[in-house]
Structures are given as C-alpha cells and as structure tokens.
Amino acid sequence: MSLYDDAVLVLKGYEDQEELRQAYLDHLAAHPDGMWKACHAGHVTASALVVDPSRGRVLLTLHRKLEMWLQMGGHCEPEDTSLQAAALREATEESGIAGLTLLPGGPVRLDRHPIPAPCHCHFDVQYAVVAPPGAVQEISDESLDLRWFAYDEVADVADESVVRLLAATRARL
C-alpha cells in the first residue's frame with residue numbers, strides 16, 4: 001500500500017474534526033502529490049507529541065526555523081510506509097529517544113496551518129507517542145532546544161495548536 005493510500009484510509013477512519021478531515025481528503029483527491037513537500041498547494045505532514053504520563057510532562061522542540069515550541073514532526077519521506085510510521089520516525093529523530101511507542105487509536109488531532117512560501121499549507125496529522133521510562137532526549141540539528149515541560153506549563157510556552165494536541169492526548173491517556 002502506498003503512503004497516499006494509507007493517508008486516505010487513516011483520514012477516512014478518523015472520526016473527529018469532520019469538516020477539517022474532509023478538507024484533507026478533498027486536498028488529497030485534488031492533488032495526487034499531496035503527500036510530498038514538492039506539492040506547493042499544500043502537503044500532508046506527520047507529527048507526534050512525546051509524552052511521559054508517569055511524570056506528567058511533554059517533550060517539545062524549539063523549532064530552528066519557526067522559533068516556536070512545537071511537537072516533533074515534519075515531512076513524509078519516500079521510505080515511510082504509513083502516516084504513523086512517519087510520525088514515529090520524526091519523533092525519534094527529533095527527540096533522540098529510542099523506544100517511543102505510539103499511543104493506540106490512530107491520530108489524536110488534525111491541524112491545518114499556513115507556512116511560508118513556496119508552499120502554502122501543512123495538513124498535519126498529529127499522533128502521540130509515549131516515552132519509555134528513563135528516556136533521555138538528545139537535540140537534533142532541526143532544533144534550537146529540546147525540553148520537557150509539565151502539562152500545566154505548555155500553555156505558557158506553546159501556541160494553541162500544541163495546547164489542543166496536549167488536551168486531546170491527555171483525554172486519550
């Protein structure tokens with residue numbers, strides 16, 4: 001199964017955010033290349049919020065280009081076999097933590113947001129991953145900083161999309 005086909009199946013099975021979910025499906029129907037960064041009309045991305053439920057905290061990255069505290073994530077790559085695999089790969093690469101496990105139940109949220117030219121939009125499919133006990137993060141080249149934040153600190157450092165993702169993740173936990 002192609003990554004495109006996986007994305008369509010994942011989105012068709014996602015039961016929340018109906019209007020936004022349909023916008024993702026419409027975009028993919030109109031843009032067969034909509035999984036890839038080269039699609040300047042917008043493309044699907046995969047991200048994951050790294051959580052440590054036992055300690056009530058999340059790991060956020062200070063994004064090098066955007067200079068904002070965000071969850072881990074980014075563009076799909078040709079070797080990604082599924083959206084969840086892309087999200088897990090991004091979370092592992094950007095956190096430096098081995099042994100992350102996806103929170104069951106598929107995507108936690110969808111978040112469509114504008115990005116600087118030449119592209120116009122990211123159609124982000126957001127997952128959550130659980131860090132193993134004793135996880136130690138290691139900063140990547142994509143980050144200015146990498147830091148654990150208590151759940152109640154996130155609203156002070158991150159934008160509303162991250163706050164909504166955390167709330168949805170906590171509800172699923």
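Up top is the structure.
Okay, so let's go over this structure. Model, not experiment: these values are computed from the prediction.

Analysis parameters
- Residues numbered from 1 in each chain as written.
- Predicted model: local features only at pLDDT ≥ 70, side-chain atom pairs only at ≥ 80, totals over all residues.
- Heavy atoms only, no water.
- Core = buried A, V, L, I, M, F, W, Y, C linked by side-chain atoms within 4.5 Å.
- Buried < 20%, exposed > 50% of the residue type's maximum accessible area, 1.4 Å probe, protein only.
- Helix = DSSP H or I, 4+ residues; strand = E, 2+ residues; numbered from the N terminus.
- Contact = heavy atoms within 4.5 Å.
- Salt bridge = Lys/Arg side-chain N within 4 Å of Asp/Glu carboxyl O.
- Expected span 1.5 Å × (residues − 1).
- Arc of directions from axis to C-beta.
- Phe/Tyr/Trp six-rings, centres within 6.5 Å; stacked < 30°, edge-to-face > 60°.
- Lys NZ or Arg CZ within 6 Å of the ring centre and 35° of its normal.

With 34 residues, the main nonpolar core has Met-35, Val-50, Leu-83 and Val-125 as its most contacted residues. Mapped onto this core, the elements with two or more residues apiece are helix H1 (3-13), helix H2 (18-30), strand S1 (43-52), helix H3 (83-95), strand S7 (121-130) and strand S8 (143-150). Discounting chain neighbours no more than four positions away, the residues touching Val-125 are Leu-11, Tyr-24, Val-44, Thr-45, Ala-46, Ser-47, Leu-83, Pro-107, Arg-109 and Leu-110. Listed in part, the 17 residues of the second largest apolar core include Leu-70, Val-154, Leu-165 and Leu-166.

For the rest of this paragraph, the subject is the environment of Ala-131. Relative to the helices and strands, Ala-131 resides in the loop between S7 and S8. For Ala-131, a relative accessible area of 8% translates into the label buried. Sequence-wise, Ala-131 and Leu-173 are 42 residues apart; in three dimensions their C-alpha atoms are separated by 13 Å. Contact partners of Ala-131, with chain neighbours within four places excluded, come to Val-50, Val-51, Leu-100 and Trp-148.

To continue, consider the pattern of salt bridges. For the structure on display, the rule yields seven salt bridges. Linked by salt bridges that have partners in common, Asp-80, Arg-89, Glu-90 and Glu-93 make up one network.

Working note: α-helix, 3.6 residues per turn, so residues spaced by three or four point in the same direction. Helix length check: helix H5 (residues 160-172), at 13 residues, gives a terminal C-alpha distance of 18 Å against a target of 18 Å (1.5 Å per residue), a fit within 8%. Every buried residue of H5 is listed here: Ser-161, Val-162, Leu-165, Leu-166 and Thr-169. Relative to the axis of H5, the buried residues are bounded by an arc of 135 degrees and lie together on one face. For H5, the secondary structure elements touched by its buried residues are S1, strand S2 (57-63), strand S3 (69-70), strand S6 (109-114), S7 and helix H4 (154-157).

So, about the packing of aromatic side chains. Enumeration over the complete set of coordinates arrives at two aromatic pairs. Measuring from centroid to centroid gives 5.1 Å for Tyr-24 and Phe-123, while their planes differ by 90 degrees, and the two rings are edge-to-face. Taken together, the residues span a long stretch of sequence, with Tyr-24 in helix H2 and Phe-123 in strand S7 at a distance of 99 residues. Judged by its relative accessible area of 1%, Tyr-24 is buried. Owing to a relative accessible area of 6%, Phe-123 belongs among the buried residues under this scheme. For the ring pair Trp-69 and Phe-149, a centre distance of 5.0 Å and an interplane angle of 80 degrees mean the geometry is edge-to-face. With Trp-69 in strand S3 and Phe-149 in strand S8, this residue pair connects regions lying 80 residues apart in the sequence. The pair Trp-69 / Phe-149 is uniform in exposure class, with both members buried. Across the ring face of Trp-148, the terminal group of Arg-57 is positioned such that the distance to the ring centre comes to 3.9 Å.

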